[in-house]
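Architecture at a glance
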Amino acid sequence: MSLFRQLYDENSSTFTYLIADDDTHEALIIDPVLSQHHRDLNLINELGLKLRYILETHIHADHVTGAAELRQNTGAQIVLGSSTGVHCADKLINDGESITVGNETLIAMATPGHTRGCTSYLWQDRVFTGDTLLIGSCGRTDFQQGDAGQLYDSLQRLMALPGETLVYPAHDYSGRRVSSIAQEQNLNPKIADHDRTAFIDLMESQSLPYPKHIDVALPANEACGKAA
Ligand code: FE
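This text gives an overview of the structure that appears in the document.

What counts, and at which threshold
- Within each chain, residue numbers correspond to sequence positions counted from 1 in written order.
- Only residues with pLDDT of at least 70 get local features here, since the model is predicted, and only at 80 or more are side-chain atom pairs given and counted; chain-wide, interface and lining totals rely on the full set of residues.
- Note that water and hydrogens are dropped before the side-chain values are worked out from all heavy atoms of the structure.
- Put simply, DSSP marks the helices as runs of H or I at least four residues long and the strands as runs of E at least two long, and each gets a number from the N terminus on.
- Radius of gyration: over C-alpha atoms. The globule rule applied is 2.2 Å multiplied by the number of residues raised to the 0.38 power.
- Each residue gets one of three labels from its accessible area relative to the maximum for its type: buried under 20%, exposed over 50%, partly exposed in between, using a 1.4 Å probe on protein chains only.
- Should any heavy atoms of two residues lie within 4.5 Å, those residues are counted as being in contact.
- Where accessible areas are quoted, they stem from the Shrake-Rupley method and a 1.4 Å probe; at the residue level, only the protein chains shown are allowed to cover.
- With water omitted from the atoms examined, metal sites may look incomplete; donors here are N, O and S atoms no farther than 2.8 Å from the metal, or 3.2 Å in the case of Na, K and Ca.
- In this description, a nonpolar core means a group of buried Ala, Val, Leu, Ile, Met, Phe, Trp, Tyr and Cys residues linked to one another through side-chain atoms lying within 4.5 Å.
- Definition of a polar contact: a pair of N or O atoms within 3.5 Å, with one able to donate and the other able to accept a hydrogen when the atoms are protein atoms, and with sequence-neighbouring residues admitted only if both atoms are side-chain atoms.
- Here an angle of 0 to 180 degrees is reported between the N-to-C directions of two axes, which are lines fitted to C-alpha atoms, with helices fitted over the stretch in contact.
- Angles are sorted into four bins: roughly parallel if under 35 degrees, roughly antiparallel if over 145, roughly perpendicular if 65 to 115, and oblique for all others.
- Two helices cross in a left-handed way if the nearer one is turned anticlockwise from the farther one by less than a right angle. They cross in a right-handed way if the turn is clockwise.
- The classification used treats Ala, Val, Leu, Ile, Met, Phe, Trp, Tyr, Cys and Pro as nonpolar, Asp, Glu, Lys and Arg as charged, and all other residues, Gly among them, as polar.
- In what follows, a disulfide is any cysteine sulfur pair within 2.5 Å.
- A 1.4 Å probe that fits into a set of points on a 1 Å grid over the protein atoms alone but cannot get out defines a cavity; an open set with protein on both sides within 12 Å along at least five of seven lines defines a pocket, and lining residues are those with an atom within 4 Å of a point.
- Grid points are joined across faces, edges and corners, and a volume is the space filled by probe spheres set on the points.

This paragraph deals with the overall build of the chain. Across its full length, the chain carries six helices and twelve strands. A compact globule built from 228 residues should have a C-alpha radius of gyration of about 17 Å, and the chain, at 17 Å, falls within 12% of that. Over its C-alpha atoms, taken along the principal directions, the chain stretches across nearly 50 × 40 × 30 Å. The buried share of the chain, reckoned over its 228 residues, is 54%. Within the chain, residue pairs in contact and separated by at least 24 positions form 62% of the contacts whose partners lie at least 6 positions apart. Looking at the chain as shown, the accessible area adds up to about 10000 Å², and 48% of this sits on carbon and sulfur atoms.

What follows is the structure, given as C-alpha cells:
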C-alpha cells in the first residue's frame, strides 16, 4: 500500500507532496518549503516514515526550499533535474530515470521551459508538474533561462499522458488542489487553441511583475536552501 499527502504553504501558495510505501515505511517528499520544516518533519515522524529522497520540481523563485534542512535532519538525498546544474544535489536526475521508495517508483520527465531544469514526476495515476503545468495556467518563461518554445513542447508531452492522469502542480493561487490532463486539455486557456507560434507569442506578450522573493530565493535555492 502507498501513502500520499498533499500539504500547502499559504504564504507562497506552494504544494508539498509526501509519498511513502506503507510496507517499508520509506518515503520521499516533493518541493518542501523551509518555513514549513517543522510541519513536514513532525508529519514524517508521526507517520513513522524514513525519508529517503527530497525531490525538487525546479529551482524555485518564490520561496526557499526546505531541502537542505530536511537532508540534515533525516539523511535523505536531494534530487533535482540534471539541467539545473546545481552542485548541492545528491542526485541530478535525467529524463526517464526513476526514484524508488519501497515498492513505489516515480519516473522523471524533463519538462523544461518555465526554467531550464524543470522536471515533472510521474507516479501511479498522477503527475507532479511543478510550475510547468498549473491548473488552468502554466509557469512564466521570462527568467531562469525560461523558454516559451521549450515550455510548449513540454506541455505537449504532458498532454499526451492518459486523460485521467491527475495533475498535482507546485502552486495554486485560487484554492484548487488537483486537476487532470483531460481537464487541462479542454479548459486550460494557455493550451487550448494555441499552436506553438501562438503560444510563444502569448508567453512573450505577458508583462508580469518582478517576483517579490526572487533575489533571496534563487541564490538560496541554488544551494538547496542552505543559508548562504
Ligand atoms: Fe517556479
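Having put the structure on the table, let's press on.
Further remarks concern the coordination of the iron ion. Within the protein, the iron ion binds to His58 (NE2), His114 (NE2) and Asp131 (OD); these donor distances fall in the range 2.0 to 2.4 Å. Motif for the iron ion, donor spacing along one chain: H-x55-H-x16-D. Placement of the pair is His58 in the loop between strand 4 (50-55) and helix 2 (67-74) and Asp131 in the loop between strand 10 (126-130) and helix 3 (148-159), with a sequence separation of 73 residues. Assessed through its relative accessible area of 8%, Asp131 is described here as buried.

Membership of the largest hydrophobic core comes to 27 residues, with the highest contact counts inside it found for Leu18, Leu49, Leu51, Ile54, Leu70, Leu80 and Cys224. Contributing elements (two or more residues each) for this core: strand 1 (2-9), strand 2 (14-21), strand 3 (26-30), helix 1 (37-46), strand 4, helix 2, strand 5 (77-81) and helix 6 (214-221). Not counting chain neighbours up to four residues away, the residues in contact with Leu80 comprise Glu56, His58, Ile59, Val86, Ala89, Lys91, Leu92, Ile93 and Cys224.

A separate point is the side chain of His171. For His171, the position within the fold is in the loop between strand 11 (166-169) and strand 12 (179-180). When its relative accessible area of 2% is taken as the criterion, His171 is described as buried. A polar contact of 3.4 Å, which involves the side chain of His171, links it to the side chain of Thr14. Here Asp131 takes part through its side chain, which lies 3.5 Å from a polar atom of the side chain of His171. Not counting residues within four places of it along the chain, the set of residues in contact with His171 comprises Ser12, Ser13, Thr14, Phe15, Asp62, His63, Asp131 and Leu134.

At a minimum axis separation of 9 Å, helix 3 and helix 5 (residues 196-205) run at an interaxial angle of 125°. Classed by the angle they form, the pair helix 3 and helix 5 counts as oblique. Pair helix 3 / helix 5 crosses with right-handed handedness. Each of Ala148, Gly149, Gln150, Leu151, Tyr152, Asp153 and Leu155 in helix 3 lies in contact with helix 5, whose residues at this interface are Arg196, Phe199, Ile200 and Met203. Residues belonging to the contact of helix 3 with helix 5 are distributed by class as follows: seven nonpolar, two polar and two charged.

Here we take up the state of the cysteines. Here a disulfide denotes a covalent bond joining the sulfur atom of one cysteine to the sulfur atom of another. According to the stated counting rule, one finds one disulfide in the structure shown. Free of any disulfide, Cys118 has its nearest neighbouring cysteine sulfur in Cys138, separated by 11 Å. For Cys118, a relative accessible area of 2% translates into the label buried. In this structure Cys138 comes out as buried when scored by relative accessible area, which is 6%.

One way to see where empty space is left: roll a probe the size of a water molecule over the atoms. Reported here for the largest pocket is a volume of approximately 730 Å³. Looking at the largest pocket, it is lined by 31 residues, and the ones nearest its centre are Ser12, Asp62, His171, Tyr173 and Pro211. In terms of residue class, the lining of the largest pocket is built from 13 nonpolar, twelve polar and six charged. Every residue lining the second largest pocket is counted, 13 residues in all, and those nearest its centre are Ile59, Thr84, Arg116, Gln145 and Glu222. Each residue belonging to the lining of the second largest pocket can be placed in one class, and the counts come to three nonpolar, eight polar and two charged.

Bringing unusual backbone geometry into the picture now. With phi around 55°, Ser13 is a residue other than glycine that occupies positive phi space. Its location among the elements puts Ser13 in the loop between strand 1 and strand 2. A residue is classified by how much of its surface remains accessible, and Ser13, at 11% relative accessible area, is buried. In this structure, Gln124 is a non-glycine residue whose phi angle is positive, near 50°. Counting through the fold element by element, Gln124 comes out in the loop between strand 9 (119-123) and strand 10.

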